[in-house]
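Summary of the model geometry
If you want the building blocks of each chain, they are given just below.
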Amino acid sequence: MTALQRFRNTVDGQARESLTGRWLASFNPFTGEPWAEIPQCGPDDVDQAVEAAHRAFTKGPWAGMTATARGKLLRRLGDLIARDADKLAEIEVSDNGKLIAEMAGQLRYIPEWFHYYGGLADKIEGGVLPVDKPDLFSYTKYEPLGVIVAITPWNSPLLLLAWKLAPALAAGNTVVIKPSEFTSASTLALMALIEEAG
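I will try to describe carefully the structure that is included in this document. Just so you know, these numbers come straight off a predicted model, no measurement behind them. (Residues numbered from 1 in each chain as written. Predicted model: local features only at pLDDT ≥ 70, side-chain atom pairs only at ≥ 80, totals over all residues. Heavy atoms only, no water.)

The next thing to look at is the environment of glutamate 90. Its place among the elements puts glutamate 90 in helix 4 (residues 85-96). Given a relative accessible area of 56%, glutamate 90 falls into the exposed group. For the pair glutamate 90 and glutamine 106, spaced 16 residues apart in the sequence, the C-alpha separation amounts to 12 Å. (Helix = DSSP H or I, 4+ residues; strand = E, 2+ residues; numbered from the N terminus. Buried < 20%, exposed > 50% of the residue type's maximum accessible area, 1.4 Å probe, protein only.)

Shown next, in the form of structure tokens:
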């Protein structure tokens with residue numbers, strides 16, 4: 001039997017196995033055979049991820065990064081996704097049984113989300129609002145919220161993740177991702193590209 005490919009979590013910029021030490025098999029829907037393993041996480045893994053995301057949001061390079069620098073990182077991530085589109089499509093096909101034609105189309109589209117929000121990152125501005133009361137000044141100021149949790153379903157993990165992740169990062173938030181336990185491999189592979197982006 002061929003050894004199964006193992007995907008790891010990324011927490012605090014490091015590839016990690018689950019604190020439980022357990023793995024879940026991912027079954028290829030076409031063959032019915034296991035092809036990969038993903039970490040089986042528990043509450044301590046969640047706590048670790050949220051704490052790391054909170055640290056990144058409050059101190060360190062991400063917290064001090066300008067919106068322009070965030071935008072450059074997002075555009076770089078889009079470029080890396082485009083570069084590895086075939087590999088990511090192959091992983092998603094093995095993980096959830098989608099057709100390669102559909103996945104190839106999605107993987108050509110996904111980088112555009114990161115390019116768009118990368119360009120938008122330093123254009124998020126506040127504004128002065130008109131009010132009907134004299135001596136009152138009203139304005140909006142858009143600020144990141146903090147740690148965002150992105151839960152993605154099994155059917156289009158990377159596409160649905162891109163729709164959540166790109167705008168959250170562009171705004172300066174940090175993100176903890178909870179993919180479906182049935183189709184986590186492509187999301188975990190994407191995390192390696194995020195680390196490569198910077």
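With that settled, the discussion passes to the packing of aromatic side chains. Scanning the model with the defined rule gives 6 aromatic pairs in all. Judged by centre distance (5.8 Å) and plane angle (70°), the ring pair of phenylalanine 7 and tryptophan 35 falls under edge-to-face. Placement of the pair is phenylalanine 7 in the loop between strand 1 (5-6) and strand 2 (9-11) and tryptophan 35 in strand 5 (residues 34-40), with a sequence separation of 28 residues. A single burial state applies to phenylalanine 7 and to tryptophan 35, both of which are buried. Summarising the aromatic geometry, the rings of tryptophan 113 and tryptophan 163 are spaced 6.0 Å apart at their centres and angled 50° between planes, so their arrangement reads as tilted. Linking tryptophan 113 in helix 5 (residues 100-120) with tryptophan 163 in helix 6 (residues 157-170), this pair joins segments that are 50 residues apart in sequence. You can call tryptophan 163 partly exposed: its relative accessible area is 37%. Among the aromatic residues, those joined into a cluster by ring pairs are Tyr109, Trp113, Tyr116, Tyr117 and Trp163. Directly above the ring of tryptophan 23 sits arginine 6, whose terminal nitrogen or CZ lies 3.9 Å from the centroid. (Phe/Tyr/Trp six-rings, centres within 6.5 Å; stacked < 30°, edge-to-face > 60°. Lys NZ or Arg CZ within 6 Å of the ring centre and 35° of its normal.)

For the rest of this paragraph, the subject is the pairing of strand 5. Of all 7 residues in strand 5, 5 are buried; the element is thus mostly enclosed. Taken together, the 6 bridges between strand 4 (residues 22-27) and strand 5 define a ladder with antiparallel strand orientation. Bridge assignment links arginine 22 to a residue of strand 5, and that residue is glutamine 40. As consecutive antiparallel partners, strand 4 and strand 5 are separated by 6 residues, and within that stretch glycine 32 has a phi angle of approximately 75°, a positive value. (Pairing = 2+ DSSP bridges.)

All quantities given are derived from atomic positions and should not be read as evidence of function.
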